[in-house]
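These are the residues of each chain, in order.
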Amino acid sequence: MKEKSLNIGELIKYGWKVFTENWGFFVALLLVAFFTITIPYVIANQLQPNYPFLSIVCYFIYFVLCLVVSMGLVKISVKFADGEKPSVSDLYKNWRHIVSFFVAQLLYNLVVAVGLVLLIVPGLMWMTRY
């Protein structure tokens with residue numbers, strides 16, 4: 001099977017075109033993602049000195065929300081690449097796959113870390129390949 005090569009210039013042009021046509025959506029999306037992640041983190045920091053257990057709970061909520069938002073951003077990117085029109089609510093629709101996403105992200109980080117320990121170049125190669 002012949003491997004198809006990617007033209008970086010064309011990808012950048014496509015990404016810029018999608019952004020300029022949907023900049024309002026991206027601004028709203030990033031604001032929603034930012035506040036979704038920031039609020040539990042700030043609350044956890046404020047609770048930490050006096051209520052360490054509640055702070056740990058808020059940090060856990062922050063961690064879970066980071067995973068959910070990351071999955072949502074990937075899903076929205078794929079929808080744009082497929083020519084579909086995503087919505088901001090797509091940011092939260094994939095929460096059922098959080099365990100699979102967490103395991104995949106953990107394995108990805110482990111592969112990159114092992115590559116970086118062995119030598120920086122294989123780590124960078126594995127990072128871009130996987």
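What you see is a predicted model; the values in this text were computed from it and never measured.

Cut-offs applied
Residues numbered from 1 in each chain as written. Predicted model: local features only at pLDDT ≥ 70, side-chain atom pairs only at ≥ 80, totals over all residues. Heavy atoms only, no water. Helix = DSSP H or I, 4+ residues; strand = E, 2+ residues; numbered from the N terminus. Rg over C-alpha atoms; globule rule 2.2 N^0.38 Å. Buried < 20%, exposed > 50% of the residue type's maximum accessible area, 1.4 Å probe, protein only. Contact = heavy atoms within 4.5 Å. Areas by Shrake-Rupley, 256 points an atom, 1.4 Å probe, with all protein chains shown as cover. Lys, Arg positive; Asp, Glu negative; His and termini not counted. Charge placed at Lys NZ, Arg CZ, Asp CG, Glu CD.

**So, the overall build of the chain**
Next, step 1: Counting its secondary structure elements, the chain contains 5 helices and 0 strands.
Next, step 2: In sequence order, the secondary structure elements of the chain are arranged as α-α-α-α-α.
Next, step 3: The C-alpha atoms of the chain give a radius of gyration of 18 Å, which is well past the 14 Å a tight globule of 130 residues would have.
Next, step 4: Principal-axis analysis of the C-alpha atoms gives the chain an extent of 60 × 45 × 25 Å.
Next, step 5: When the 130 residues of the chain are sorted by exposure, 22% land in the buried category.
Next, step 6: A separation of at least 24 residues holds for 48% of the contacts in the chain among residues at least 6 apart in sequence.
Next, step 7: In the form shown here, the chain has an accessible surface area of approximately 9,900 Å², with 72% of it arising from carbon and sulfur atoms.
Next, step 8: Charged side chains of the chain number 10 positive and 6 negative; the gap between the two group centres comes to 2 Å.

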